[in-house]
Amino acid sequence: MATHDSTGATGTTTQLSPEALDGVLAPLAASLGDRLLTPSAATFAETAALFVGGPARTPAAVARVRTTDEVVEALAIARDAGLPLAVRSGGHHQARHGLVDGGLVLDLRLLDGIDIDAAAGVGHAQGGVVAGAYTAAAGAHGLATGFGDTGSVGVGGITLGGGIGYLSRHDGLTVDNLLGAEVVLADGRVVRADADENPDLFWALRGGGGNFGVVTRLDLRLRELGTVTGGMMMWVPTPATLAAVLRAFAEGPDEFAGMVNVMVAPPVPMIPAELHGKPIIMALLCHSGTAAEADEVFAPLRALGTVLDSVQEMPYPAMFEGAGGPPPGGMGDARTGFLGQGAWAPDEAWAAEVIETVSQAAGPAAVNIRAMGGAIGLVDPAATAFAHRDPAFMVTVGKFAPAVEALPAASEWVESAAQAFGISGRGYVNFMGTATEQDVRNAYPEATLARLREVKRAYDPQNTFGYIGTSEAVSGP
Ligand SMILES: Cc1cc2nc3c(=O)[nH]c(=O)nc-3n(C[C@H](O)[C@H](O)[C@H](O)COP(=O)(O)OP(=O)(O)OC[C@H]3O[C@@H](n4cnc5c(N)ncnc54)[C@H](O)[C@@H]3O)c2cc1C
């Protein structure tokens, strides 16, 4: 099967007979032992599962690599045999790039070393580390690097796509704090990418996703951070309340960050029973300044009449503890886009449309609104492959599907909601529910895409690393 991707690279993958496949994988089985899992292994399904569910995809094998040398070896075997390859770390991407039918999954989760160099202010994370583990390790030194809001998300995936979270308005995106990386390229070379070595690759890694190689180590800038004031607030949704919450971000300091969900309350114990099944505004909030400054910011939000308020002073790593996010295995579709610039905030009419759309949805749906601005917008859009620097808010609409058959209806719903909310046309690669050519064009402005294509041609001309490139919409001769 020939593959073609929107960055212009082409490659060829092969369907092998079971006997031929055994022969191809034999050297890897010898090296990895029971860390090479084929579908007959008792733990195969559990190991291959991603956080996000979806239509069945069955890889030929999962290689649970533990060292850079093992990455090089597994990669060579897949490449030389023309086996489709997928790379996974935390397994959270909604478009499920981390699984590939009939191919080899390079599972990085055992490549999970963390080294916090407090004196140098640099955290080193191997390619399979998750955000919660890194944040806890850095927190033990009173230090932090900003990721998102969920501890089980892979540092590899979130960083390569951008990384928007609790510290972004103050410190920039995760990519703005990436100082360098060790990368295994498609041809097996192990290279460093930073401002001095392979700067074009370094640029592409900061937003271009898993298109260019296997990142076996990320070097991340640390900042001092002990406690924050954070947690959850919830309100009964009215247009005035939603607009006021969003305005608080627009007018608030860069230390104040978080995300606001308009959703139907699930029947979980932490939410008052009388709200179950009803629309709510649920915000996860974090203020990284002093407790007194935080209280000032949170007072007007409390004055809106919260029905739940768990916001309190806590060590920063505590923000990443607990389950976080929806339960694993759920499926659905999502569209993401951006709104406004500078201190702009949506008005009550927009808020009313959001509340009405979520309330009327058949089955669980959510609109997730994240404040951008601050340090994110201070970076030149051309400086990294993440180029959407100016928006005030990022908005994601998501619709859950109880079964595969319900996915088309979920896609239709998110498409129409995205149009209604005015967020179509641009997107964040880490929140793409699908990976069509249009999604890719939404994620990267034309100039960025052209530059990504150049880097792709230089570092992965055979498209060994499919990532956003092997979707149905962009595959072909
Ligand atoms: C519950 C939940 C909460 C989230 N919260 C946030 C948030 O607050 N902020 C935010 O910005 N994003 C957030 N995301 C989105 C998240 O950043 C993306 O889904 C990201 O791709 C997840 O990374 P992962 O390593 O867990 O996923 P994976 O599915 O393992 O990785 C996605 C792809 O990235 C590439 N990749 C990953 N690691 C490597 C590596 N080491 N080397 C080479 N390629 C690699 C591979 O192509 C892989 O298939 C969230 C997602 C979920 C499901």
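Here is what the cut-offs are and how they apply
Residues numbered from 1 in each chain as written. Predicted model: local features only at pLDDT ≥ 70, side-chain atom pairs only at ≥ 80, totals over all residues. Heavy atoms only, no water. Near = heavy atom within 4 Å. Polar contact = N/O pair within 3.5 Å; in protein donor to acceptor, adjacent residues only side chain to side chain. Areas by Shrake-Rupley, 256 points an atom, 1.4 Å probe, with all protein chains shown as cover. Helix = DSSP H or I, 4+ residues; strand = E, 2+ residues; numbered from the N terminus. Nonpolar A, V, L, I, M, F, W, Y, C, P; charged D, E, K, R; others polar. Pairing = 2+ DSSP bridges. Contact = heavy atoms within 4.5 Å. Axes fitted to C-alpha atoms, helices over the stretch in contact; angles between N-to-C directions. 1 Å grid on protein atoms, 1.4 Å probe; cavity = no way out; pocket = protein on both sides within 12 Å on 5 of 7 lines; lining within 4 Å. Points joined across faces, edges and corners; volume = space filled by probe spheres on them. Domains from an automatic or database assignment. UniProt positions renumbered as here; feature names shortened; annotations may be inferred. Phe/Tyr/Trp six-rings, centres within 6.5 Å; stacked < 30°, edge-to-face > 60°. Buried < 20%, exposed > 50% of the residue type's maximum accessible area, 1.4 Å probe, protein only.

(A) Examining the site of the ligand more closely. Taken together, 33 residues are adjacent to the ligand, and V87, S89, G91, I164 and Y428 come closest. Contact distances for the ligand include 3.0 Å between an oxygen atom and a backbone N or O atom of D149. A distance of 3.2 Å is found between an oxygen atom of the ligand and a backbone nitrogen or oxygen belonging to G157. For the ligand, whose free accessible area comes to 950 Å², the fraction covered by protein is 97%. Breaking the shell around the ligand down by element, the ones donating at least two residues are β5 (85–88), α5 (155–161) and β12 (214–221). For the shell around the ligand, the leading source of residues is α5, giving 4 residues. For the shell around the ligand, a count of residues per class yields 13 nonpolar, 17 polar and 3 charged.

(B) Highlighting the sheet that holds strand β4 (residues 61–64). Ordered by their spatial adjacency, 4 strands build an open sheet running β3-β4-β6-β5, and the pairing between neighbours is mixed. Each edge of the open sheet carries a strand with a single partner, namely β3 (36–37) and β5. Where β3 lies against β4, 2 bridges are found, and the strand directions are antiparallel. Note that in β4 the partner of L37 across the bridge is V62. Each of β4, β5 and β6 (104–107) touches helix α3 (residues 68–81); the most contacted strand, β6, lies at about 170 degrees to it.

(C) Representation of empty space enclosed by the protein within the structure. The tally for this structure, following the rule as stated, stands at 2 cavities of 30 Å³ or more. Quantified by volume, the largest cavity comes out at close to 80 Å³. Every residue lining the largest cavity is listed: D149, I164, G165, Y166, S168, R169, A257, G258, M259, R370 and A371. Breaking the lining of the largest cavity down by element, the ones donating at least two residues are α6 (168–171), β15 (256–264) and β20 (365–371). Ranked by residue count, the leading element in the lining of the largest cavity is β15, at 3 residues. Taken together, the residues of the lining of the largest cavity sort by class into 5 nonpolar, 3 polar and 3 charged. Counting the residues that make up the lining of the largest cavity, at least three belong to each of domain 2 (114–224) and domain 3 (227–439). When its volume is computed, the second largest cavity comes out at roughly 40 Å³. The wall of the second largest cavity is formed by G161, G207, A385, F386, A387, H388, G427, Y428, V429, A443 and Y444.

(D) Focus on the UniProt feature "domain: FAD-binding PCMH-type" (unreviewed entry) in the chain. UniProt annotation of "domain: FAD-binding PCMH-type" (unreviewed entry) refers to residues 55–225 when read in the numbering used here. Counting secondary structure, residues 55–225 comes out at 24% helix and 26% strand; the distance between its end C-alpha atoms is 41 Å.

(E) Geometry of the packing of aromatic side chains. All told, the structure shown has 9 aromatic pairs when counted by the stated rule. Relative to F320, the ring of Y316 has its centre 5.4 Å away and its plane inclined at 75 degrees; by these criteria the two rings are edge-to-face. Both residues of the pair, Y316 and F320, belong to the buried class. Between Y428 and F431, the ring centres sit 5.1 Å apart and the planes meet at 75 degrees, which makes this aromatic pair edge-to-face.

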